[in-house]
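Chain by chain, the residues:
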Amino acid sequence: MRSQGVLHVDTPIVVPFFDVDSMNVVWHGHYVKYLEVARCALLDLIGHNYNDMLESGHAWPVIDLQLRYVRSAVFGQALTVRASLVEWENRLKINYLISDAATGERLTRASSVQVAVDMATREMLLASPRVFVEAVERKLS
């Protein structure tokens, strides 16, 4: 069973016309964009978003991304994208659930893993920067 995480945020998305293909379903690559929108909302909730990460001297590249498609989303469909914080001390792992906003039906499950990189040295860190860990701990308390 997938971890629910310690924090989560639900982000509404309505599938725009330019995200669907000739079969009127969302092209598989656009789901990654929906995950990014939810991830940014989660980082805002934590109080340490991408701008804060850069200001602290760190980049957080995605090193792993997994998606499992269950059912296609279609043009105009209202979706809910839940992003759940699973790990943060050594890496940033987020689990996602994309579901139909009206019925709650699961459409896609996903997860992403990011690691901190020191911008000055371009070296990957083996632990998350203290500033990020402290932001998560503040939100959890």
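Residues numbered from 1 in each chain as written. Predicted model: local features only at pLDDT ≥ 70, side-chain atom pairs only at ≥ 80, totals over all residues. Heavy atoms only, no water.

Per an unreviewed UniProt entry, the protein goes by Acyl-CoA thioesterase and derives from Pseudomonas marvdashtae. Heading Sequence similarities (unreviewed entry) of the UniProt record for the protein holds this comment: "Belongs to the 4-hydroxybenzoyl-CoA thioesterase family." (UniProt positions renumbered as here; feature names shortened; annotations may be inferred.)

Helix and strand content of the protein: three helices and eight strands. Sequence-ordered secondary structure for the protein, helices as α and strands as β, is β-α-α-β-β-β-β-β-β-β-α. Relative to a compact globule of 141 residues, whose C-alpha radius of gyration would be 14 Å, the protein shows 16 Å and is just as compact. When each of the 141 residues of the protein is scored for burial, the buried share is 38%. If you take every contact in the protein between residues at least 6 apart in sequence, the share linking residues at least 24 apart comes to 67%. Accessible area for the protein stands at about 7800 Å²; split by element, carbon and sulfur atoms hold 55% of it. The protein carries 14 positive and 16 negative side-chain charges, and their two centres are separated by 7 Å. (Helix = DSSP H or I, 4+ residues; strand = E, 2+ residues; numbered from the N terminus. Rg over C-alpha atoms; globule rule 2.2 N^0.38 Å. Buried < 20%, exposed > 50% of the residue type's maximum accessible area, 1.4 Å probe, protein only. Contact = heavy atoms within 4.5 Å. Areas by Shrake-Rupley, 256 points an atom, 1.4 Å probe, with all protein chains shown as cover. Lys, Arg positive; Asp, Glu negative; His and termini not counted. Charge placed at Lys NZ, Arg CZ, Asp CG, Glu CD.)

Aromatic ring pairs are defined here through the distance separating the ring centres and the angle between the ring planes. Per the stated rule, a full pass over the model turns up four aromatic pairs. On the basis of an interplanar angle of 65 degrees and a centroid distance of 6.0 Å, the ring pair of Tyr31 and Tyr34 is categorised as edge-to-face. Of the two residues, Tyr31 and Tyr34 both sit in helix α1 (residues 30–46), three residues apart, roughly one turn of that helix. With centroids separated by 5.1 Å and ring planes inclined at 70 degrees, the aromatic side chains of Tyr31 and Tyr69 adopt a geometry described as edge-to-face. (Phe/Tyr/Trp six-rings, centres within 6.5 Å; stacked < 30°, edge-to-face > 60°.)

For the rest of this paragraph, the subject is the pattern of salt bridges. Scanning all chains against the criterion turns up seven salt bridges. In this structure, the salt-bridge partner of Glu134 is Arg130, at a minimum N-O distance of 3.4 Å. Of the two residues, Glu134 and Arg130 are both situated in helix α3 (residues 130–140); the distance of four residues between them amounts to about one turn of the helix. Close ionic contact of Arg130 with Glu137 constitutes a salt bridge, the shortest N to O distance being 3.2 Å. On the accessibility criterion, Arg130 (48% relative accessible area) is partly exposed. Here the residues in one salt-bridge network are Arg130, Glu134 and Glu137, joined through shared partners. (Salt bridge = Lys/Arg side-chain N within 4 Å of Asp/Glu carboxyl O.)

Turning to α1, a few remarks are in order. The end-to-end C-alpha distance of α1 is 25 Å, a good match for the 24 Å that 17 residues give at a rise of 1.5 Å each. Downstream of α1 by one or two residues, Gly47 has phi in the positive range, about 90 degrees. (Expected span 1.5 Å × (residues − 1).)

Our next topic: α3. Because an α-helix completes one turn every 3.6 residues, residues spaced three or four positions apart along the sequence face the same direction. Within α3, the full set of buried residues consists of Phe132, Val133, Ala135 and Val136. With its buried residues spanning 155 degrees around the axis, α3 presents them on a single face. Contacts from the buried residues of α3 go to α1, α2 (50–55), β4 (78–87) and β5 (92–100). (Arc of directions from axis to C-beta.)

Our next topic: the nonpolar core. If you look at the biggest cluster of nonpolar residues, it comprises 32 residues, and the most contacted ones within it are Tyr34, Leu42, Ile46, Leu79, Leu85, Leu92 and Phe132. Within the residue set of this core, elements represented by two or more residues are β1 (7–14), α1, β4, β5, β6 (106–114) and α3. Ranked by the residues each element gives to this core, the list is headed by α1, at seven residues. (Core = buried A, V, L, I, M, F, W, Y, C linked by side-chain atoms within 4.5 Å.)

Strand order in the open sheet made by the three strands is β2-β7-β8, with antiparallel pairing throughout. Pairing within the sheet leaves two strands with one partner each, and these edge strands are β2 (58–59) and β8 (123–124). Two elements, strand β7 (residues 117–118) and β8, share two bridges in a ladder whose sense is antiparallel. Pairing of Val117 across the sheet is with Met124, part of β8. (Pairing = 2+ DSSP bridges.)

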